[in-house]
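# A closer look at the structure
The lines below spell out each chain.
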Amino acid sequence: MIVAEALGGDEASFAKLMTAKARALGMKGTTYHNASGLPDDQQYTTARDSAIIGRALYDRFPEYYKYFSTRTFDFRGKSMRNHNHLLGAVAGVDGIKTGYIHDSGFNIVTSVNRGGRHIVAVVFGGNTANARDARVRSLIENNVNIAAVNRTSPQIVEGWENKEANAKDNTKENVKESKDKEQTASATEGPKPGSTDPISRIR
């Protein structure tokens, strides 16, 4: 909540920023209504959209992505274990996240890199953590060996980034115009992806 208020001014405004960002990344079936992910009748997402954001994390933040594969870490004298039980148990699994709330069950977004092949598997609504894990294991084993060795999907970028890349041969004025039109989808005037500049709160 503190982060949401710092970036958006209030939780509702931050949820709108998140939704706009989701749309910019191509997540057409996602609408955020709070900052926590707790149940809300107006908040929803899809397995496809979770795969998109999983791929976006992998593409856009490789320097931080490695943290998803951390199996344990020590904090104040206690060993904290990753809730992704597939790490170290299924070959090639390197993230991404698990989740559980009563209304949606046990969920997981899992990245697998094996034999030069990379897939993202998503399971929603498991009755138990074990059932969820068994289902995603099955998805992995049934699909990773038939996945392409070479990348078949484009990198996840926001609409305005894609537009700018396609406009390289245009004049500077046309590039600026297309960027201005498309960048509204990113919902902020903050730093570009990958920047180390701080994010300023919206006033």
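Residues numbered from 1 in each chain as written. Predicted model: local features only at pLDDT ≥ 70, side-chain atom pairs only at ≥ 80, totals over all residues. Heavy atoms only, no water.

### What to know about the overall build of the protein chain
Counting its regular elements, the protein chain contains seven helices and five strands. Along the protein chain, helices and strands appear, N-terminal first, in the series α-α-α-α-β-β-β-β-β-α-α-α. Within the protein chain, the proportion of its 203 residues that are buried is 32%. Counted over contacts in the protein chain with a minimum sequence separation of 6, partners at least 24 positions apart contribute 44%. Just so you have it, the protein chain exposes about 13,100 Å², and 53% of that area is on carbon and sulfur atoms. (Helix = DSSP H or I, 4+ residues; strand = E, 2+ residues; numbered from the N terminus. Buried < 20%, exposed > 50% of the residue type's maximum accessible area, 1.4 Å probe, protein only. Contact = heavy atoms within 4.5 Å. Areas by Shrake-Rupley, 256 points an atom, 1.4 Å probe, with all protein chains shown as cover.)

### Notes on the packing of aromatic side chains
Two aromatic rings, taken as a pair, are described by how far apart their centres are and by the angle between their planes. This model, assessed by the stated rule, comprises three aromatic pairs. Judged by centre distance (4.9 Å) and plane angle (80°), the rings of Tyr58 and Tyr65 are edge-to-face. Taking relative accessible area as the criterion, Tyr58 reaches 29% and is therefore assigned partly exposed. Exposure remark for Tyr65: the relative accessible area of 7% places this residue in the buried category. For the ring pair Tyr65 and Phe68, a centre distance of 5.3 Å and an interplane angle of 65° mean the geometry is edge-to-face. On the basis of relative accessible area, Phe68 is assigned to the partly exposed category, the value being 26%. Sitting over the face of the ring of Tyr67, Lys66 holds its NZ or CZ atom 5.7 Å from the ring centroid. (Phe/Tyr/Trp six-rings, centres within 6.5 Å; stacked < 30°, edge-to-face > 60°. Lys NZ or Arg CZ within 6 Å of the ring centre and 35° of its normal.)

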